[in-house]
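# Tertiary structure, described
This is what each chain is made of:
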Amino acid sequence: MPVPLFATSLDPYLPRIVERLAEVANGGRYILGPEVEAFEQELAHFLDVKHCVGVANGTDAITIALRALGVGPGDEVVCPSFTFYATVEATISAGATPVFCDVDPRTFCVNAETVKAAITPRTKAIVAVHLFGNVAPMGELRDLGLPVLEDAAQATGARLDGVRAGALGDAATSSFFPSKNLPCLGDGGAIATNDDDVAHAVRRLRFHGSDDKQTFVDVGYNSRLDELQAAVLRVLLPELDGWNAARRAGADLYTRDGLGEHVELPLAVDGAEQVHHLYVVRHERADELAAALAQSQIGARGYYRTPIHRQPATARYAPAGLELPGTDEAARTHLALPIGPELSEDDVREVVTAVAASAA
Ligand SMILES: Cc1ncc(COP(=O)(O)O)c(C=O)c1O
């Protein structure tokens, strides 16, 4: 029985989504109208933050949030190298110089120790990525005394000590790319913050640096969440906690069925309630294991085999001889296995059996 990497489907929600899309299309408001406004309020309520601002995607969200936090040319921003490329790309787009830090390969997240090693007098901010749906240890990161931006693209709905990812930093970014835990039917993103000034700056930057479409006080972006996507997100946001609970139940089944006897299981950061955007294990021969699983029609893949400090576009930001041992280990050994709200007990059994047969 094939087990796809993403055990998820929007089919049950499509009739309602299509209805809402038709209403928006007929309503004639397509940009920055009532759907975006309502979704921003609903997401702010969900995250328990004062402000949410919809933008075009999760990459723009990082660039805009960093600029709203005062980051610009000449500033350094500490970022992990083990993340999706957009984290670092967006930091460079904000005008900053990324300074790569290491991750703990057991959690795939940065921590105070790895970040501290990258801090210099020019450091203006830290980007903490909640990778694979884990939550970086925000308490110890905030204790470092610098603004912290949460890249929560992969962790919408996760919590740390009861507080949502997105409400833990000076600002936070989300992505609603279709594979994300909270998807839309295209690109979408948002920025969350409790800071009125940051929220104001973000709203201005997403609209060409203008508050009133007459006076342009900044060189900004054309980066709005559109009304159609906001309408989709309003249908799906109420489902998110249920979906995330189902993802956690799938992860618990992997543990119960003994997957940990064959591979290293993902470790939650202390106090984190993960949302398993991806269910990522570690194994010394990860790609060989993926190939063996493919033979059994089980989806498995490595996502970030080449860390960002070795990518052609961004290697020049890494000082010669930079050693990031946790990053190297995570990059070499990580392997995503099937997860999603619809992963069944049979699916899990099938995956564990196939891993057991191939991982020895
Ligand atoms: C960690 C991380 N940061 C940023 C992004 C960028 O989001 P988007 O694809 O919506 O631009 C992604 C999404 O792919 C991501 O996984």
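Reading the values: rules and limits
- Residues numbered from 1 in each chain as written.
- Predicted model: local features only at pLDDT ≥ 70, side-chain atom pairs only at ≥ 80, totals over all residues.
- Heavy atoms only, no water.
- Helix = DSSP H or I, 4+ residues; strand = E, 2+ residues; numbered from the N terminus.
- Near = heavy atom within 4 Å.
- Polar contact = N/O pair within 3.5 Å; in protein donor to acceptor, adjacent residues only side chain to side chain.
- Nonpolar A, V, L, I, M, F, W, Y, C, P; charged D, E, K, R; others polar.
- Disulfide = S-S within 2.5 Å.
- Buried < 20%, exposed > 50% of the residue type's maximum accessible area, 1.4 Å probe, protein only.
- Contact = heavy atoms within 4.5 Å.
- Phe/Tyr/Trp six-rings, centres within 6.5 Å; stacked < 30°, edge-to-face > 60°.
- Lys NZ or Arg CZ within 6 Å of the ring centre and 35° of its normal.
- Pairing = 2+ DSSP bridges.
- Axes fitted to C-alpha atoms, helices over the stretch in contact; angles between N-to-C directions.
- Salt bridge = Lys/Arg side-chain N within 4 Å of Asp/Glu carboxyl O.

Next up on the list: unusual backbone geometry. With the exception of glycine, the majority of residues adopt a negative phi angle, and the majority of peptide bonds are in the trans configuration. The phi torsion at D161 lies on the positive side, around 50 degrees, for a residue other than glycine. You can see D161 is positioned in the loop between β6 (159–160) and β7 (163–164). Backbone geometry at H208 places phi at a positive 55 degrees, although glycine is not the residue there.

Around the ligand, the surrounding shell holds 14 residues, and the nearest of these are G58, T59, D151, S175 and K180. Separating an oxygen atom of the ligand from a backbone N or O atom of G58 is a distance of 2.8 Å. Measuring from a nitrogen atom of the ligand, one finds a side-chain N or O atom of D151 at 2.7 Å. Sorting the residues of the shell around the ligand by element identifies α3 (58–68) and α4 (85–93) as the ones contributing at least two each. If one sorts the elements of the shell around the ligand by residue count, α3 sits on top with 3 residues. Residues that form the shell around the ligand fall into these classes: 5 nonpolar, 7 polar and 2 charged.

Within the structure shown, the criterion is met by 0 disulfides. Left unpaired, C79 is separated from the closest cysteine sulfur, that of C101, by 7.5 Å.

Turning our eyes to something else, we now look at the environment of C109. Topologically, C109 is positioned in the loop between β3 (97–101) and α5 (112–116). Taking the relative accessible area as the measure of exposure, C109 reaches 1% and is therefore buried. On a C-alpha basis, the gap between C109 and G326 in space is 9.8 Å, while along the polypeptide they are 217 residues apart. In this view, C109 contacts V103, D104, V129, H130, L131, N134, V135, A136 and V269; residues no more than four positions away in its chain are not counted.

Per the stated rule, a full pass over the model turns up 9 aromatic pairs. Relative to F132, the ring of F82 lies with its centre 6.1 Å away and its plane at 80 degrees, an arrangement referred to as edge-to-face. With F82 in the loop between β2 (76–80) and α4 and F132 in the loop between β4 (123–129) and α6 (138–142), this pair connects stretches of sequence that are 50 residues apart. Judged by its relative accessible area of 0%, F82 falls in the buried class. Each member of the aromatic cluster is reached from another via a ring pair, and the members are F82, F108, F132, Y303 and Y304. Over the ring of F46 we find R164; its NZ or CZ atom is 3.9 Å from the centre of that ring.

Time to look at the sheet that holds β3. Ordered in space as β1-β9-β8-β5-β4-β2-β3, the 7 strands form an open sheet in which the pairing is mixed. This sheet does not close on itself; its edge strands, each paired only once, are β1 (51–55) and β3. Here the strands of the sheet are splayed against their neighbours by 25 degrees on average, with no regard to which way each runs. Where β2 and β4 come together, 3 bridges link them in parallel fashion. By the bridge assignment, E76 is partnered in β4 with T123.

So, about the sheet that holds β6. One open sheet holds the 3 strands; their spatial order is β7-β6-β10, and the pairing between them is antiparallel. The open sheet terminates on both sides in strands that have one partner only, identified here as β7 and β10 (272–273). Pairing of β6 with β7, which is carried by 2 bridges, proceeds in the antiparallel orientation. If you follow R159 over to β7, its bridge partner there is R164.

Attention now moves to the pattern of salt bridges. A full pass over the atoms with the stated rule returns 25 salt bridges. Measuring nitrogen to oxygen at the nearest pair gives 2.8 Å for the salt bridge that ties E40 to R206. Of this pair, E40 sits in helix α2 (residues 34–47) while R206 sits in helix α7 (residues 196–206), placing them 166 residues apart in sequence. Using a relative accessible area of 6% as the deciding quantity, one classes E40 as buried. R206 gets classed as buried once you look at its relative accessible area, which sits at 7%. With a closest N to O distance of 3.3 Å, E345 and R256 form a salt bridge. Here the residue E345 occupies a position in helix α12 (residues 345–358), and R256 occupies one in helix α9 (residues 240–256), the gap between them amounting to 89 residues. The class for E345 is partly exposed, based on a relative accessible area of 39%. With a relative accessible area of 51%, R256 lands in the exposed category. What emerges from the salt-bridge pattern is a single network uniting R20, E23, E35, E42 and R234.

None of the figures reported here should be taken as evidence of function without further support.
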